[in-house]
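# Observations on the three-dimensional arrangement
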Amino acid sequence: MILRLLSPLFALSLLVAASPAQAQTAANTRTVIEVGSPDFRPYPIAVPEARDMAGGKTTATGTEVTNTLRFDFELAATFKVLDPKSYLADPTKEGLAAASIKFTDWVSIGAEGLVKVGLTETGDSLKADFRFYDVASGRQLLQKGYAGTLKDGRRFAHTFVDEVIFFLTGSKGIFRTKIASVRKVGNSRELWVMDVDGSNLRQITSNGSINLLPNWTRDGGGVLFTSYIRHNPNLYSTPLAGGRPTLVSGERGLNTGGTMSPDGKKVALTLSRDGNSEIYTMNPDGTNLVRLTNEWAIDTSPTWSPDSKRIAFVSSRWGDPHIFVMNADGSNVRRVTERGNYNQTPDWSPKGDLIAFTARDERNVFDIFTVNPDTKEIKRLTQDQGNNEEPSFAPSGGHIVFTTTRDGGRSQVYIMAVDGSNQKKITDAGGFNTPAWSPYLE
Amino acid sequence: MLNRIVLPLMFALVLPLACAKKTADLELDAADAAALAARKKAANDCAKETYQAAEAALAEARAKKEEGDIEAAKAKANEAKNLYEQAAAASKPGCNEPPKEEEDPNAKQTSTDASTSIKLDDALQTIYFDYNDSSIREDSKAVLSKVATTLSKNPTAKLEIEGHCDVRGSTEYNLQLGERRARAVQKYLTTQGVKPEQLEVISYGEERLVDLGANDEAHQKNRRAELKKAP
């Protein structure tokens, strides 16, 4: 979160540090405009196949790197990856250096940016050379070298996409973050984590009990979750690396939806210990419990504003469940969804301007919407594609992860841009719910 | 109540989706649910042969799924579901209990615990709720009055009231709703004279469905409070 707040400074320092020519080229050729703005036009980028520097043949790692780059740039929504079939250059022949690239071939297919990758595989070790060119000027804007093993290829690609996004926009990329989710198999509900493209899917609890509602700790080192492992649904914290979950809140009754404030000072959660579901805050070590709501209705699902000063939540105090906002001390409660009659699962964007939520529409179908908590303006992001539920914002505020039944059968995890565009499936296994996007991890 | 009118519309929308899917998961889930229902009626003892045939069909369905033969997996899963349902239909609760023996006056003296638990079984009831609602329905009041009488006669007995929801709505909201249902039962029983310390509550939200269907009947079966012996 600190990094997010500092990112404008980072962008500034980057402009200062980059050579004047580079900065000017980037500024002259293209001002990358945010998705959702009226002037938005995606930045056309060409991503030819990664080149094997030893033999010129296509390797499995090369294909994985190329596919990861293309998937990430498409998902980023700021880019349009040009169709590889349209590329005029022969990827096995054209080199990496500016001198060996025929930029007119890339200009003529409409590219503004060009990504070139050279891979050197020696046994299990991998060296990667990533470059990013401005096609119009033929100037190299970025070059990064990475070394590791063959299985690092995908991670290198994610890292480079983040570098390009940071270079062009001054905002951190999201491709090294993770997503935690519950997976239902029969009666068991266990926690899993995966990369943003669905790869590296890994189970992080295996206690055979009911484990629900994961939310990341602010440092991204673990998740808070509710588990029935000791019969009562208590709140626990588990490190991502594995190890014993620690008890965070074990009040009698429900201890659900624990979510840490962006400044890391508080955890908001729902407890039923006083005979009814109410929202409380406490210190992350479980001390200093403060009750915020006091209504004979369901109050649940707290989510923090990025400045940690406000909390959005679900309340049925006016009959149907709706999204409300209050100050972090429980004062100044205000209803923000004025349409629909069944609005749940709010998640406050790290940018602060939007709250994403699930609404049931007049046909009893669940879809994802955003609402501006101040103007109360509502936008619909999904429609006519099964049930879509449980949105969670990326740390950039530019993307949302959610679950959907659009493919039939068991629910899958999808990612979309904040305006609802570029909806992409990232899981195949099915049975997922309540996905939660991590903070920035690197 | 609007639900009743709107729901058929929803099925019309959901049905083509269900047909378009490419896995046998729904069929396998349905067979699993039928197996559970059959076991609840002790069909594995009462209709042993049919039940075992169903088990075999389900195993085959899973094997076909593993092999990637989805159509065969679906067919076998449906066959298993039908067999489980036949087995359940042919079963009566109690068929697997030993026939009652002549009363033995000596045995009777030593079995206070057993007789308590037999009487307590009368309290292990399930009651049902309306959509997004936790008030005790008229049809549940007579059931709960009997439960209250049983508990009053067993003042040391402890029950746990489990609150459950149907699958619609969010995980967390449904946990709160299930809790309200369980507490509504707890409150009703205490107004009927049951001591509060005899009643624990726990909510499972939508995590313990008894019917995996996506229809009104299945939703109604899932919106429930189950009274169980406290662990």
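Residues numbered from 1 in each chain as written. Chains lettered and ligands numbered in written order. Predicted model: local features only at pLDDT ≥ 70, side-chain atom pairs only at ≥ 80, totals over all residues.

## Quick notes on the interface of chain A and chain B
Listed by partner, the interface residues are 34 residues for chain A and 27 residues for chain B. Secondary structure elements with two or more residues in the side of chain A that touches chain B: strand 10 (211-216), strand 14 (255-260), strand 18 (299-304), strand 22 (343-348), strand 26 (388-393) and strand 30 (432-437) of chain A. Classifying every residue of the side of chain A that touches chain B by side-chain character gives seven nonpolar, 21 polar and six charged. (Contact = placed C-beta atoms within 7 Å. Helix = DSSP H or I, 4+ residues; strand = E, 2+ residues; numbered from the N terminus. Nonpolar A, V, L, I, M, F, W, Y, C, P; charged D, E, K, R; others polar.)

## Quick word on the nonpolar core
The biggest cluster of nonpolar side chains holds 107 residues, and the ones touching the most others in it are Ile45, Phe73, Val161, Ile179, Ala312, Ile323 and Ile355 of chain A. The element best represented in this core is helix 5 (residues 153-169) of chain A, accounting for seven residues. With sequence-adjacent residues up to four places away left out, Ile355 of chain A is seen in contact with Ala312, Ile323, Val336, Pro346, Asp347, Trp348, Thr370, Val371 and Pro373 of chain A. Judged by nonpolar contacts, the second largest core, of 20 residues, contains Ala38, Ala43, Tyr84 and Ala87 of chain B. (Core = buried A, V, L, I, M, F, W, Y, C linked by C-beta atoms within 7 Å. Buried ≥ 20, exposed ≤ 12 C-beta atoms within 10 Å, placed from the backbone.)

## Structural notes on the domain arrangement of chain B
The domains assigned to chain B are domain 1 (21-89) and domain 2 (115-229). Each of domain 1 of chain B and domain 2 of chain B was reduced to a C-alpha centroid, and the two centroids are 29 Å apart. (Domains from an automatic or database assignment.)

## Topic: the sheet that holds strand 30 of chain A
All names here are of chain A. Taking strand neighbours across the sheet as the criterion, the four strands line up as 9-8-7-30 in an open arrangement whose pairing is antiparallel. Both edges of this open sheet fall to strand 9 (202-203) and strand 30, since each of them pairs with a single strand only. As defined by bridge partners, strand 7 (residues 178-185) adjoins strand 30 across four bridges and the pair is classed as antiparallel. What sits directly across from Val182, in strand 30, is Asn433. (Pairing = 2+ DSSP bridges.)

## Observations regarding the confidence of the model for chain A
Across chain A, pLDDT averages 90, with 91% of residues at or above 70. Low pLDDT (under 50) marks residues 1-30 of chain A, which in the prediction has 29 contacts with non-local residues, meaning those over four places away or in another chain. (pLDDT = per-residue confidence, 0-100.)

## Considerations on the domain arrangement of chain A
All names here are of chain A. Per the domain assignment, the segments of chain A are domain 1 (2-169) and domain 2 (178-437). On a C-alpha basis, the centroid separation for the pair domain 1 and domain 2 is 34 Å. Every contact between the two is made by 10 residues of domain 1 and, on the other side, 12 residues of domain 2. Its residues placed into classes, the side of domain 1 that touches domain 2 shows four nonpolar, two polar and four charged.

## Looking at the packing of helix 3 (residues 60-76) of chain A against helix 5 of chain A
All names here are of chain A. Look at helix 3 against helix 5: their axes get within 8 Å of each other, and the N-to-C directions meet at 35°. Both helix 3 and helix 5 take part in a crossing whose hand is right-handed. Of the residues in helix 5, those touching helix 3 at Thr61, Glu64, Val65, Thr68, Leu69, Asp72, Phe73 and Ala76 are Gly153, Arg154, Phe156, Ala157, His158, Val161 and Ile165. (Axes fitted to C-alpha atoms, helices over the stretch in contact; angles between N-to-C directions. Left-handed = near helix turned anticlockwise from the far one by under 90°.)

## What to know about the pairing of strand 14 of chain A
When a strand is regular, its side chains alternate between the sheet's two faces. Residues and elements named next belong to chain A. Along strand 14, six of the six residues are buried, which leaves the element largely enclosed by surrounding structure. In terms of strand pairing, strand 14 meets strand 15 (residues 267-271) through four bridges, oriented antiparallel. Among the inter-strand pairings, Thr259 is bridged to a residue of strand 15, identified as Ala268. With antiparallel pairing between neighbouring strands as the criterion, strand 14 and strand 15 make up a hairpin whose turn holds six residues, including Gly264 at a positive phi of roughly 75°.

## Topic: the environment of Ala268 of chain A
Residues and elements named next belong to chain A. Examined against the element boundaries, Ala268 turns out to sit in strand 15. A tally of 24 C-beta atoms within 10 Å means that Ala268 is categorised as buried. Sequence-distant contacts of Ala268, that is, excluding residues within four places in its chain, are made with Thr259, Ser261, Ile279, Thr281, Pro302, Trp304 and Ile311.

## Observations concerning the environment of Gly340 of chain A
Along the chain, Gly340 of chain A turns up in the loop between strand 21 (334-335) and strand 22. Put simply, Gly340 of chain A and Pro321 of chain A are 19 residues apart on the chain and 9.4 Å apart in space, counted from C-alpha to C-alpha.

## Considering helix 5 (residues 70-89) of chain B
Counted at 1.5 Å a residue, the expected span for helix 5 of chain B with its 20 residues is 28 Å, and the 28 Å between its end C-alpha atoms agrees. Among all positions of helix 5 of chain B, only Ala73, Lys74, Lys76, Ala77, Ala80, Lys81, Leu83, Tyr84, Ala87 and Ala88 of chain B are buried. (Expected span 1.5 Å × (residues − 1).)

## So, the environment of Lys57 of chain A
All names here are of chain A. Within the secondary structure, Lys57 is located in the loop between strand 2 (51-52) and helix 3. Residue Lys57 is classed as exposed on the basis of its C-beta count, with 9 C-beta atoms lying within 10 Å. Sequence separation between Lys57 and Ile165 is 108 residues, and the spatial gap between their C-alpha atoms is 29 Å.

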